[in-house]
Amino acid sequence: MAEEEEIVEEVSIRTEFPAARVKKITRLDKEVNKVTSEALFLVSRSTELFLQFHAEKSAEVATEKKRKIVKTEHIRIAVKRHRPTNDFLLDSLPAPPAPQLQKEDSAGRKREVANKQPPTGTRRIDAFFAKSASGASA
């Protein structure tokens, strides 16, 4: 029985995240003064499991969409499907991209046209050439 206890003590599980970095992040909270090694291990391991779960679910979505690369939209769909993380994580993900407009070129092929918004403080040139109400009556 004493031999079993010695064997258990020799086995140490290492986490993927550096302990110093995890400790620094947890100490960013003003209410946390000290972090024990057990708490560091639990935070690191639970973060690994959380990321592994979402990586697997995102990969499943990418496979369903017949894609080889996992994109943000796949992660968004995976988070939406998992109700517990949907509540807090969906707001943290970047917004989905605006749909691309399609326009036919001279050869009749459809091509995507970006719907870019002009920078703030600029205006479209159409406004410059539009007839004003005062110019139409003169």
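Given the structure is predicted, the values throughout are model-derived calculations rather than measurements.

Across its full length, the protein holds 7 helices and 2 strands. Listing the helices and strands of the protein from first to last along the sequence gives α-α-α-α-α-β-β-α-α. Looking at the protein residue by residue over its 138 residues, the buried ones come to 13%. Here the analysis covers contacts within the protein between residues at least 6 apart in sequence; of these, 24% occur between residues at least 24 apart.

Excluding glycine, most residues fall at negative phi; most peptide bonds, likewise, are trans. Even without glycine at this site, Lys66 takes up a positive phi of about 60 degrees. Tracing the backbone shows Lys66 in the loop between α3 (37-64) and α4 (72-81). Overall, the relative accessible area of 73% leaves Lys66 in the exposed class.

Our next topic: the environment of Thr26. As for its position among the elements, Thr26 is in helix α2 (residues 19-26). On a C-alpha basis, the gap between Thr26 and Val43 in space is 8.9 Å, while along the polypeptide they are 17 residues apart. Among residues more than four places away in sequence, those in contact with Thr26 are Val32, Val35 and Val43.

The pLDDT averaged across the protein works out to 79; a share of 68% of its residues lies at or above 70. Within the protein, α3 carries the highest mean pLDDT (93), whereas helix α1 (residues 2-10) carries the lowest (53).

Procedures and definitions
- Residues numbered from 1 in each chain as written.
- Predicted model: local features only at pLDDT ≥ 70, side-chain atom pairs only at ≥ 80, totals over all residues.
- Heavy atoms only, no water.
- Helix = DSSP H or I, 4+ residues; strand = E, 2+ residues; numbered from the N terminus.
- Buried < 20%, exposed > 50% of the residue type's maximum accessible area, 1.4 Å probe, protein only.
- Contact = heavy atoms within 4.5 Å.
- pLDDT = per-residue confidence, 0-100.

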